[in-house]
Amino acid sequence: MADTYDLVILGSGPGGYVAAIRASQLGLKVAIVERERLGGICLNWGCIPTKALLRTSEIYHYMQNAESYGLKADNVGFDLAKIVDRSRKVAGQLNAGVKGLMKKNKVTVVEGVGTVTGAGKTGGKLSVKQGDKTVELEAKNIIVATGARARDLPFAKADGKRIWTYRHAMVPTEMPTKLLVIGSGAIGVEFASFYNDMGADVTIVEMLPRILPVEDEEVSAFMDKALTKQGIKLLTQTGLEGLAPSANGVTAKIKAKDGKVSEETFSHAIIAIGIVPNTENIGLEALGVETDRGHIKTDGYGRTNVDGIWAIGDVTGAPWLAHKASHEGIIAVEKIAGGSPHQMDKANIPGCTYSRPQVASVGMTEAKAKEAGYELKVGKFPFIGNGKAIALGEAEGFVKTVFDAKTGELLGAHMVGAEVTELIQGYVVARQLETTEAELMETVFAHPTLSEMMHESVLAAYGRAIHY
Ligand SMILES: Cc1cc2nc3c(=O)[nH]c(=O)nc-3n(C[C@H](O)[C@H](O)[C@H](O)COP(=O)(O)OP(=O)(O)OC[C@H]3O[C@@H](n4cnc5c(N)ncnc54)[C@H](O)[C@@H]3O)c2cc1C
C-alpha cells in the first residue's frame, strides 16, 4: 500500500522545504522527497557556504589593511582546511536546522531518488528509489522542486582537480595560484572575489561585452574598474575555445576581442557559465509536462499544463535565486490549499552579488526602462558623500535610482558598494508598496547609516541631493 498525502514535494531546496512548511501550516498532509541533503543547493552548496567563504576573505582583507584603521596585525595568514571546515560547518548547521523544521512541522521526509509516475484526476503518484528498495507515494498534488546543476563546457568536463564547478571551488584542498574563472555572473564574480582576496592571481573570461551582464551598465562598469584595481584581470568579449588539464595545471585557449587566439596556463579553472535544470528522468516526459529549453513551464501560481503537477524554483527558469524559489513555493501551496495568493511578480525580485564590493539591484536597469519607452528621472549618489561609508572605510560605490518621470514610480534601483545586499530590501519594499518618489523623499532615514544614500539617490533624481 502506498502512503497517501495531500501534497508531495520532490526536492528539498529553498523552494521545496519552504513549500512543505507552508503546506503544513495550512493543514495539508505533506511529504518531501530528497536524494541528497535537506536544504538543497542553497544551504549545502550555494548561497550559504559561499557567504561563509566570502566572510573569511572579507576579514582577511581587513586584517591586511589593519593599519588603515590604526590597528596592528602582523603575520596575517590562513589555514585553508579550517576556512573550508568553517564553511561546511555553517552549511551543516543549516541542514540540521531544516531537519528540525521538518520535524516541528510534521513533514514526512522520504530519502531517495523520486520519479513522478502519475498525475491528474486519478491522483498523483511517485516512486522513490532507496537503494534496492522502492517506496510508492500517492498525492493529490505534486510539486516538482528539483532545482538545477552546473552547466558544463561542451569541450571540457570538470574533473575536480584542475577544472572545477562551484562544488569543487567551495571545498578546495589547495589554494589556486593562478585561477581562471569562466563566466562573470554572480557565481563567477563571487568566486573570483574570494580567491583574489585570498591571494590568487585571478582572470575572468566573459563572452559578453561586460561583466555582471544582467546588471545596470553603470554597475558593470564600476565593478570592472573596482575588480581591475584589486588585481583581477577581466577579459570581456572573449571566448574560451579549449581547456586542457594536465598534472600541473590547465591550459586555456582564449579567443580575444580582436579574434586572436592565444594559450595561457592556469593552476585551476572554475566553470561558472550557468545552470541546467534537473528535469530529466523524473517522469515529466511520460506525463506530458511542458518544458521550454529544459525548464518546466508554469503559470504565475506554479501550475504546469498537467493537472495536479506544480513546479517551483530553479527548475522553472530565471532568475535562479533561492528567495524566488521559496516565494514560488508559498504561492503554489496557498493555491493548492484553496487560497487566493498573488501571482509571482518577477519584476520585483532582488538580485545580489556578495563580492567585494557588493552589488544589488531590483527592477529595470536604466537601459531597459528607456527601451520600454519610459521618460526617466535618474538619481545617483556616491558612497563618498556618505558619512557612515567614510567612517567604515568603505567610500567606494554608488546608489542609483530610476523613476518614471510621469508618475514617480520607482522603476529600478541599482547599487554597488559595502553592504548593499542588505540595503536593497528597502527599495524592494518600496516597489512592492508602489511607493512614489514623493513618499520616499518624505521618509526619515537614520543618521549615520549607509541607507541615507538611498534617500539621497531619490533626491538626486529630482535635483535635490543634499550631500553631493
Ligand atoms: C555557488 C552558488 C551560490 C549561490 N548563491 C546564491 C545567493 O547568494 N542567493 C541566491 O538567492 N541564490 C544563490 N544561488 C542559487 C540558489 O542556490 C538556487 O537558486 C536555489 O538553491 C534554488 O532552489 P530550488 O529549491 O529550486 O532547488 P535546489 O536548491 O537546487 O534544490 C533541489 C533539490 O532537489 C533534489 N532533487 C533533485 N532531483 C531529485 C530527485 N529525482 N529525487 C529527489 N531529490 C531530488 C536535489 O538533491 C536538491 O536538494 C547560488 C547557487 C550557487 C551554485
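Predicted model only: the values in this text are computed from it and were never measured.

What counts, and at which threshold
- Residues numbered from 1 in each chain as written.
- Predicted model: local features only at pLDDT ≥ 70, side-chain atom pairs only at ≥ 80, totals over all residues.
- Heavy atoms only, no water.
- Helix = DSSP H or I, 4+ residues; strand = E, 2+ residues; numbered from the N terminus.
- Rg over C-alpha atoms; globule rule 2.2 N^0.38 Å.
- Buried < 20%, exposed > 50% of the residue type's maximum accessible area, 1.4 Å probe, protein only.
- Core = buried A, V, L, I, M, F, W, Y, C linked by side-chain atoms within 4.5 Å.
- Contact = heavy atoms within 4.5 Å.
- Phe/Tyr/Trp six-rings, centres within 6.5 Å; stacked < 30°, edge-to-face > 60°.
- Lys NZ or Arg CZ within 6 Å of the ring centre and 35° of its normal.
- Expected span 1.5 Å × (residues − 1).
- Patch = residues over 30% accessible without salt bridge, like charges linked within 9 Å, V, L, I, M, F, W, Y side chains within 5 Å.
- Areas by Shrake-Rupley, 256 points an atom, 1.4 Å probe, with all protein chains shown as cover.
- Salt bridge = Lys/Arg side-chain N within 4 Å of Asp/Glu carboxyl O.
- Near = heavy atom within 4 Å.
- Polar contact = N/O pair within 3.5 Å; in protein donor to acceptor, adjacent residues only side chain to side chain.
- Nonpolar A, V, L, I, M, F, W, Y, C, P; charged D, E, K, R; others polar.
- Pairing = 2+ DSSP bridges.
- Axes fitted to C-alpha atoms, helices over the stretch in contact; angles between N-to-C directions.
- Right-handed = clockwise from strand over helix to strand, strands pointing away.

J.: Whenever I open this one, the overall build of the protein confuses me. Can you help?
T.: Looking only at helices and strands, the protein has 14 helices and 24 strands in total. Expected size for 468 residues packed as a compact globule is a radius of gyration near 23 Å; at 24 Å, the protein falls within 12% of this value. Overall, the protein is about 70 × 60 × 45 Å in size when its C-alpha atoms are taken along their principal axes. The proportion of buried residues among the 468 residues of the protein is 51%.

J.: Explain the nonpolar core here, please?
T.: Nonpolar side chains tend to gather and get buried jointly when the protein is soluble and globular. Of all hydrophobic cores here, the largest spans 31 residues; its most connected members are Tyr 195, Val 202 and Met 223. Only α3 (47-64), α5 (166-170), β9 (178-182), α6 (186-197), β10 (201-205) and α7 (217-229) provide two or more residues apiece to this core. Ranked by residues supplied to this core, first place goes to α6 with 5 residues. The contacts of Tyr 195, once residues within four sequence positions are left out, are Trp 164, Ala 169, Pro 172, Met 175, Pro 176, Leu 179, Ala 200, Val 202 and Ile 270.

J.: Would you explain the packing of aromatic side chains in this entry?
T.: Enumeration according to the criterion identifies 7 aromatic pairs in this entry. Relative to Tyr 69, the ring of Tyr 62 has its centre 6.3 Å away and its plane inclined at 85°; by these criteria the two rings are edge-to-face. With 5.5 Å between their ring centres and 80° between their planes, Phe 222 and Phe 398 make a pair best called edge-to-face. Of this pair, Phe 222 sits in helix α7 while Phe 398 sits in strand β23 (residues 397-404); the two residues are 176 residues apart in sequence, bridging distant segments of the chain. What links up through ring pairs into an aromatic cluster is the set Trp 164, Phe 194 and Tyr 195. In this structure, Lys 335 packs its charged tip against the face of Tyr 301, placed 4.2 Å from the ring centre.

J.: I would appreciate a short explanation of α3 in the present structure.
T.: Structural remark: α-helix, 3.6 residues per turn; residues separated by three or four positions point the same way. End to end, α3 covers 26 Å across 18 residues, agreeing with the expected 26 Å (1.5 Å per residue, within 8%). Among the residues of α3, those classed as buried are Pro 49, Thr 50, Ala 52, Leu 53, Leu 54, Thr 56, Ser 57, Glu 58, Tyr 60 and His 61. Buried residues along α3 sit against α2 (40-45), α4 (80-104), α5 and α6.

J.: Please explain a nonpolar patch on the surface as it appears in this structure.
T.: A cluster of nonpolar side chains, namely Ile 384, Ile 390 and Tyr 468, defines an oily patch on the protein surface of about 360 Å² accessible area. Of the residues examined, Ile 384 reaches a relative accessible area of 48% and is grouped as partly exposed.

J.: Before we go on, may I ask you to explain the environment of Ala 169 in this structure?
T.: Relative to the assigned elements, Ala 169 resides in helix α5. By relative accessible area, Ala 169 is classed as buried at 0%. Excluding residues that lie within four positions of it along the chain, Ala 169 makes contacts with Trp 164, Phe 191, Tyr 195 and Ile 270.

J.: Would you mind going over the site of the ligand with me for this structure?
T.: Near the ligand you find 38 residues, and of these Glu 34, Lys 51, Gly 114, Asp 314 and Ala 322 are the closest. In this structure, an oxygen atom belonging to the ligand sits 2.8 Å away from a side-chain N or O atom of Asp 314. Residue Leu 321 places a main-chain N or O atom 3.2 Å away from an oxygen atom belonging to the ligand. Isolated, the ligand exposes 1,000 Å² of accessible area, and the fraction of that covered by the protein chains is 95%. When contributions to the shell around the ligand are tallied by element, the ones reaching two or more residues are β2 (30-34), α2, α3, β4 (113-118), α5 and α9 (322-336). Per-element tally for the shell around the ligand: the top contributor is α2, with 4 residues. Along the lines of polarity and charge, the residues of the shell around the ligand split into 19 nonpolar, 13 polar and 6 charged.

J.: So what exactly am I meant to see when it comes to the sheet that holds strand β24 (residues 410-417) here?
T.: The strands making up a sheet are joined through hydrogen bonds of the backbone, oriented either antiparallel or parallel. Strand order in this open sheet of 5 strands is β20-β21-β24-β23-β22, and the pairing throughout is antiparallel. Two strands close off the open sheet at either side, each with one partner strand: β20 (351-353) and β22 (376-382). Each neighbouring strand pair of the sheet contributes to a mean axis angle of 10°, computed without reference to strand direction. Strand direction decides the pairing type here: β22 and β23, joined by 7 bridges, are antiparallel. Each bridged residue has a counterpart across the sheet, and for Pro 382 the counterpart in β23 is Phe 398.

J.: Could you clarify how one ought to interpret the pairing of β9 in this entry?
T.: The side chains of a regular strand alternate between both faces of the sheet. The buried fraction of β9 amounts to 4 of the 5 residues, a majority that puts the element mostly inside the structure. As defined by bridge partners, β9 adjoins β10 across 5 bridges and the pair is classed as parallel. The partner of Leu 179 across the bridge, within β10, is Val 202. The handedness of the β9 to β10 crossover, carried by α6, is right-handed. With 4 bridges joining them, β9 and strand β15 (residues 268-271) adopt parallel strand pairing. The residue bridging Leu 179 from the neighbouring strand is His 268, located in β15.

J.: Even after reading the chapter, I still don't get unusual backbone geometry, so can you show me in this structure?
T.: Peptide bonds are mostly trans, and most non-glycine residues show a negative phi. Cis geometry marks the peptide bond from Ala 318 to Pro 319, where omega comes out at -10°. A cis amide bond links His 447 with the next residue in sequence, Pro 448, at an omega value of -5°. Looking at where Pro 448 falls in the secondary structure, it is placed in the loop between α13 (437-442) and α14 (452-461). Positive phi outside glycine occurs at Asn 75, with the angle close to 50°. Within the secondary structure layout, Asn 75 lies in the loop between α3 and α4.

J.: Is there a simple way to think about the side chain of Thr 165 in this case?
T.: Relative to the helices and strands, Thr 165 resides in the loop between β8 (163-164) and α5. For Thr 165, a relative accessible area of 13% translates into the label buried. Other than its neighbours up to four places away in sequence, Thr 165 contacts Ala 150, Ala 158 and Ile 271.

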